Amino acid sequence: MKKMIAACLIVLLFGAVAHAEILEENDLRIEIEPMYLFRVASSDYTMMYNNDSFRERSMAWRDFNSGNIINHSAMGVQGGLTWWFTESFGVELAGFWTDKASSSCTVHDPVHFWGGSDLVYDQTPGKDFITGNSSGLDVFEYTFETQLFGVEANLVGNFGEDLEWLEYFVGFRYIQYTEDLSTTAYDEYNDYNGQDNDIDWVGITSRNDLYGAQIGVDLEYELLEGLTVGSDAWFALFRNTVTVSRTFESADVTGMLRDDSMSETNWAHGFGFSPELSYKPCDYVALTLGGDFMYLAGISMSAAYFKTVSDLDDDILRPYDNVLYLGAHAGFVIFF
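Numbering of residues starts from 1 in each chain and follows the order in which that chain's sequence is written. Totals for whole chains, interfaces and linings use every residue, but because this is a predicted model, local features are given only for residues with pLDDT of at least 70 and side-chain atom pairs only at 80 or more, for both listing and counting. The basis for every side-chain value is the complete set of heavy atoms in the structure, and neither hydrogens nor water enter the calculation.

A look at the sheet that holds strand β3 (residues 64–65)
When DSSP finds at least two bridges between two strands, those strands are taken to pair. Comment: elements are numbered from the N terminus, with helices defined as DSSP H or I runs of at least four residues and strands as E runs of at least two. Spatially, the three strands line up as an open sheet ordered β3-β2-β7, and their pairing is antiparallel. Strands at the two margins of the open sheet, each flanked by one partner only, are β3 and β7 (117–119). Across two bridges, strand β2 (residues 46–50) lies against β3 in antiparallel orientation. Counterpart to Met48 in the pairing with β3 is Phe64.

Pasting the structure below:
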């Protein structure tokens, strides 16, 4: 019992997701695998567009969309603990964690005269702020961060010798997906180099807390003695609590400040699979190498609120987006 409790604490600290493949009939299994995930966004929101009135006076920037933001990759770890009470029934605790993935960029207007593009919130109907610093701007900066992690608890089982290559699991899964988008608009070059203060700042955080029930299967086929290939696959239905926080501030205009948040719950869903090759050189250890695929639908992205960040009347949440993660993992399994 003490070994099991210690193993659970290790898994929770490292964060983790399990692939409940049973290589042998061991009662207790601990799995730890470093992982790499690459994020692919499904939506593209306009953030900047060319201002026709300035095109003859400078080389205007191209339109800038959220899709132009560099996609992210991050290192993390996944793992789990599985305890079989009988040959056909057990429990599983698992989870995964990734570090924050961040990208940033500073874009200068090709000619430091009047600028050539407007940030889209400068033209939002019904705006409550003076956003002239974001019109015909000279320098644009952005920083974008994402993070993903989750845990799960399952009942696991198999169908006996007739289907020894197939296992199933059913249980609870929690995933948190967060985006942070920050931008700075400099009206002219002397604002960027510190000689003036015609500057607008925007910050948007969109957090998705997904709680749901899942079902899944594990498939496994022995290629050679000690060498197996297989995959898990799961589907989950979630209640997603979306929380969005927004800030807006102008350096040169008193009272141009926004600092608020809103929250709501909606339905979401997700699915994933992890093909894996496993080699067991001895009775107590197996080495693993595999891929990871995770898709989440019904989530909220931070760029969805950029267009209306200067409009205090906007209180509508937008959990309409999808996100895809692709990656790989390698690690080991310990058997007791």
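Right, picking up where we left off after that structure.
Concerning the pairing of strand β12 (residues 257–282)
Note that strand β11 (residues 227–250) and β12 share 23 bridges and pair antiparallel. Across the sheet, residue Leu237 finds its bridge partner in β12, namely His269. Counting the residues in the hairpin turn of β11 and β12 gives six residues, including Gly255, whose phi is positive at 90°. By the bridge criterion, 10 bridges tie β12 to strand β13 (residues 285–299) in an arrangement that is antiparallel. Note on β13: the bridge partner recorded for Ser278 is Thr288. As consecutive antiparallel partners, β12 and β13 are separated by two residues.

Brief notes about the nonpolar core
By nonpolar core we mean a set of buried residues, namely Ala, Val, Leu, Ile, Met, Phe, Trp, Tyr and Cys, connected to one another through side-chain atoms within 4.5 Å. Only protein chains enter the calculation, and the probe is 1.4 Å; a residue is then buried if its accessible area is under 20% of its type maximum, exposed if over 50%, and partly exposed in between. If you look at the biggest cluster of nonpolar residues, it comprises 27 residues, and the most contacted ones within it are Leu119, Tyr121, Phe140 and Phe306. Going through the elements one at a time, β2, β8 (139–158), β9 (166–186), β10 (199–224) and β11 are the ones with two or more residues in this core. It only takes one pair of heavy atoms within 4.5 Å for two residues to be counted as in contact. In contact with Phe306, not counting residues within four places along its chain, are Met47, Leu119, Val120, Tyr121, Leu181, Thr183, Val202 and Ile204. If you look at the next biggest cluster of nonpolar residues, it comprises 20 residues, including Leu37, Trp84, Ile175 and Leu210.

Regarding the environment of Gln147
Tracing the backbone shows Gln147 in strand β8. The exposure class assigned to Gln147 is buried, which follows from its relative accessible area of 16%. The spatial distance from the C-alpha of Gln147 to the C-alpha of Arg39 is 9.9 Å, given a sequence separation of 108 residues. Within the structure, the side chain of Gln147 is placed 3.0 Å from the backbone oxygen of Thr98, a separation counted as a polar contact. Polar contact is the term for a pair of N or O atoms within 3.5 Å; when the atoms are in protein, one must be able to donate a hydrogen and the other to accept it, and sequence-neighboring residues count only if both atoms are side-chain atoms.

A few points about the side chain of Asp232
Position of Asp232 relative to the elements: it lies in strand β11. Counted as positive: Lys and Arg. Counted as negative: Asp and Glu. His and the chain ends are not counted at all. Salt bridge, as used here, is a side-chain nitrogen of Lys or Arg placed within 4 Å of a carboxyl oxygen of Asp or Glu. Buried charge Asp232 goes without a salt bridge, the closest partner of opposite sign being Arg173 at 6.0 Å. Here Ser274 takes part through its backbone nitrogen, which lies 2.9 Å from a polar atom of the side chain of Asp232.

Thoughts on a nonpolar patch on the surface
Like charges are joined within 9 Å and nonpolar side chains (Val, Leu, Ile, Met, Phe, Trp, Tyr) within 5 Å, but only among residues with over 30% relative accessible area and no salt bridge; these make up the patches. Accessible surface area values rest on a Shrake-Rupley calculation with a 1.4 Å probe, where residue burial reflects the displayed protein chains alone. A cluster of nonpolar side chains, namely Phe85, Phe89, Leu155, Val170, Ile215, Phe235, Leu237, Trp267 and Phe271, defines an oily patch on the protein surface of about 870 Å² accessible area. Listing elements by their share of the nonpolar patch, those giving two or more residues are β11 and β12. Tracing the backbone shows Phe235 in strand β11. Since its relative accessible area comes to 40%, Phe235 is described here as partly exposed.

Distances and angles like these do not, on their own, reveal function.
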